[in-house]
Amino acid sequence: MTSSTTNNATDDVDCDGLYKKFIKVTNKLIHTQGFAKSLLIILLPLAGLVSFIVGLQGLVYSRYSLVDGHQLALRGFVRGSSSVDVSRSTHDQQFDIPSCARDVFITLHNNKQHESLCKGMLIRDDIILTTGECSQHTYKLGSTGQLLARPFSRLNNKLNNINSKLGFLQTNAPPRSIFIDKSVFNTRMFLSLRPTNDDGDSVAITCTHGGKAILHNFPSSEGEMIPVTDLYSILPRDTILWEHLDLDTASTLEFKTNKWWTKAISLDEEEEYIAQILKQYEGPPGSISVPSAHEGFTHQAAAFMEVLDPRGHRRGDCFAAYYSLWQHEQPFSGLHFFDWLDYGAGQYVLEDNLLKLHTDPNHLVKVSNHTIRYPMNFTEGSKDIKCRKEAFNDKTVHYFNNTERSLHEVYITPSTDGTKLIWRYKHNNELVPPSPIDDSHLYMWDLDKTWYIVDVVNWDHDRYHSIKHTAVLSGKPALAAGKMYFAENGEVTGINFSSGHYRPDIRAISMMYTSFKEMGYNLTATEWIGRTIWSEKDCDDIDWTAIDIQGFDDTSVLEQSCREVVNSPTWRLNEDV
């Protein structure tokens, strides 16, 4: 992300150089002209110069920037008042903009970049409030017009139903992040149901001592102040901030010089939302999933944060520590987990305690006013040292989109004599290459029995970093996951069920064995590599009737397959999760 800046136009004027030239010319005039005449010659251009510089000081180009590096330059006129006076006309003269609103007041331009009488207030990075008339047009935003503001039809239609004089524009500014399938935008100001300030004066904007901008009325070009009270029933309340609800509780978030606010939440609200997401990723009874692979909500949530991570699926083994610290913060931050992690106390919690923990293993990690004991290890190569934010942010897992996933889809054919199973990539019919001696290919078998194999030999680690089972199906449930061993000519020699994210149990190998049997494959063509804790007793302990997966309707067949595979001549136990 590039930091937002405020560049006064006077930055382009060499004031020191102008002053030196002015002194030089003055001395010359005094020596060559009469004093009175020289004084007149000097004062006239001096007045013009002062007027020019003062004019430049009133014009500012302010920018707000987004986390992924895109910038939007917004043009406004800035002075130092604390509120906008209703008595002043905005048609012939510029009204004062309080300092806290400099980054949210916008002068809109038409498609030819000509200045118009239309102004706007940036409520959220994608929502601009303006007048009803101005909301019907498209405007270019930024010095090069790289971003646009178009009529926000959905919100405008709601406003039309209540005969409001206001309207909305929707920008095409990129979101700060994508959480699941939801775009997350920064909220820039607070709205008020009070049309007057504490003194009873009608104002447009007031500023709090903490620099929060509160919009009371929208100033039209004719000088009218339009109350924003009608917007309370129009705007989404989950992200839009209101003075009477959120002013005292909203958290201030910053990244470099970029500042925004977010509505406070409770720990229960956030964890209830996470629990709802976990249910969506559990899959039918008998399948494998990230949530079902871990016991207890806290461990499930922490394990699943890699899947949810809007910053690029950072390595999941660090999330457990951060999630525990966020949960136990007292008083609770009021922040969504990822806001806390990247813009709140989570940015610094490990770094702030690094030196003390390095010298004192019993040091208590401090989170706000609360301390918790977290047994951190900062020895070389330890997990904790890798979880410091600099390293943590850099190590991500590449999650496949649909196109990428299709490139790893494979199909199986028996060899000519039927003794071997040959695997080929579906998109080009090429054989799966041999596995390295000290490693194996990663596989996923999804709910519709489609196979995906990632060739670890040709995986581009420099470009995509790590590859994990969650990456293939983007954290969705499956039938089985693990590693496969391949010899020459696409021949599979071994299949295991080792996945730290999914942790398949013996039901997964039973379903795979059943599927191979139904396809008529040679069941001894590959080694079935179970976990060391598995045994025939697991076949007795599983409630096979509870399995409810399409294509495996006869659960008695699965139980029979379980007994067959653990007694197979190619069954062996030497792989753990």
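Procedures and definitions
- Residues numbered from 1 in each chain as written.
- Predicted model: local features only at pLDDT ≥ 70, side-chain atom pairs only at ≥ 80, totals over all residues.
- Heavy atoms only, no water.
- Helix = DSSP H or I, 4+ residues; strand = E, 2+ residues; numbered from the N terminus.
- Buried < 20%, exposed > 50% of the residue type's maximum accessible area, 1.4 Å probe, protein only.
- Contact = heavy atoms within 4.5 Å.
- Areas by Shrake-Rupley, 256 points an atom, 1.4 Å probe, with all protein chains shown as cover.
- Polar contact = N/O pair within 3.5 Å; in protein donor to acceptor, adjacent residues only side chain to side chain.
- 1 Å grid on protein atoms, 1.4 Å probe; cavity = no way out; pocket = protein on both sides within 12 Å on 5 of 7 lines; lining within 4 Å.
- Points joined across faces, edges and corners; volume = space filled by probe spheres on them.
- Nonpolar A, V, L, I, M, F, W, Y, C, P; charged D, E, K, R; others polar.
- Pairing = 2+ DSSP bridges.
- Axes fitted to C-alpha atoms, helices over the stretch in contact; angles between N-to-C directions.
- Core = buried A, V, L, I, M, F, W, Y, C linked by side-chain atoms within 4.5 Å.
- Disulfide = S-S within 2.5 Å.

The subject of this paragraph is the overall build of the protein. In terms of helices and strands, the protein carries 18 helices and 30 strands. Here the protein holds 577 residues, and the buried ones make up 49% of them. Put simply, of all contacts in the protein between residues at least 6 apart along the chain, 62% involve residues at least 24 apart. On the protein, roughly 28,100 Å² of surface is accessible, and the fraction owed to carbon and sulfur atoms is 50%.

Attention shifts here to the side chain of S164. If you trace the backbone, S164 turns up in the loop between α3 (153–160) and β10 (166–171). When its relative accessible area of 17% is taken as the criterion, S164 is described as buried. A polar contact of 3.0 Å, which involves the side chain of S164, links it to the backbone nitrogen of L166. Those residues in contact with S164 that sit more than four places away from it in its chain are L159 and D230.

Attention now moves to the layout of surface pockets. If you add up the space inside the largest pocket, you get close to 850 Å³. K182, V184, T239, H336 and D339 are, among the 31 residues lining the largest pocket, the residues nearest its centre. Only β11 (177–179), β12 (182–184), β20 (258–262), α5 (267–280) and α8 (337–343) provide two or more residues apiece to the lining of the largest pocket. Of all the elements, α8 adds the most residues to the lining of the largest pocket, at five residues. When grouped by side-chain class, the residues that make up the lining of the largest pocket number 13 nonpolar, seven polar and 11 charged.

Let us look at the sheet that holds strand β26 (residues 451–454). Strand order in the open sheet made by the eight strands is β24-β23-β26-β25-β27-β28-β29-β30, with mixed pairing throughout. Each of the sheet's edge strands pairs with one partner strand only, and the pair in question is β24 (421–425) and β30 (571–575). With strand direction ignored, the average angle separating the axes of adjacent strands in the sheet is 35°. In this sheet, strand β28 (residues 492–496) lies alongside strand β27 (residues 478–486) in antiparallel orientation, the contact comprising three bridges. Bridged to M484 within β28 is I495. Here helix α16 (residues 506–519) sits on the sheet in contact with β23 (409–414), β24, β25 (441–446), β26, β27, β28, β29 (527–531) and β30, set at roughly 80° to β25.

Where burial is concerned, most of β25 is hidden: six out of the six residues are buried. In β25, alternate side chains face the same way, and those of H441, Y443 and W445 on one face and L442, M444 and D446 on the other are all buried. Two elements, β25 and β27, share six bridges in a ladder whose sense is antiparallel. In the strand pairing of β27, H441 is matched with M484. The turn joining β25 and β26, which pair antiparallel and follow one another in sequence, is formed by four residues; a positive phi near 70° is taken by K449.

Once that is clear, we can look at the nonpolar core. By size, the foremost hydrophobic cluster in this structure holds 48 residues, and its most contacted members are M305, F337 and W340. Discounting chain neighbours no more than four positions away, the residues touching F337 are E270, M305, F319, Y322, Y323 and W326. Counting residues in hydrophobic clusters, the runner-up holds 41 residues, among them L129, L191, F218 and V228.

According to the stated counting rule, one finds one cavity of 30 Å³ or more in the structure shown. The computed volume of the largest cavity comes to approximately 30 Å³. In terms of lining, the largest cavity is formed by F179, E270, Y273, I274, M305, L308, F337 and F338. Contributions of two or more residues to the lining of the largest cavity are made by α5, α6 (297–308) and α8. Ranked by the residues each element gives to the lining of the largest cavity, the list is headed by α5, at three residues.

Okay, the pairing of strand β9 (residues 147–151) next. Here three bridges tie strand β8 (residues 139–141) to β9, and the two strands are oriented antiparallel to one another. By the bridge assignment, Y139 is partnered in β9 with A149. Sheet topology note: the β9/β10 ladder contains three bridges and is antiparallel. Residue pairing in the sheet places P151 in a bridge with L169 of β10.

Right, let's talk about the state of the cysteines for a bit. Tallied over the entire structure, the rule returns three disulfides. Bridging C118 to C134, the disulfide has an S-S length of 2.0 Å. Handedness of the C118-C134 disulfide follows from its S-S torsion of about -85°: it is left-handed. Residue C118 is found in strand β6 (residues 115–124), and its partner C134 is found in the loop between β7 (127–131) and β8; the two are separated by 16 residues along the sequence.

Turning our eyes to something else, we now look at unusual backbone geometry. Omega for the bond connecting Q330 with P331 falls within 30 degrees of zero, at -5°, which places this linkage in the cis form. Mapped onto the secondary structure, P331 falls in the loop between α7 (319–327) and α8. Its identity is not glycine, yet H313 carries a phi of approximately 55°, on the positive side. Inspection of the secondary structure puts H313 in the loop between α6 and α7.

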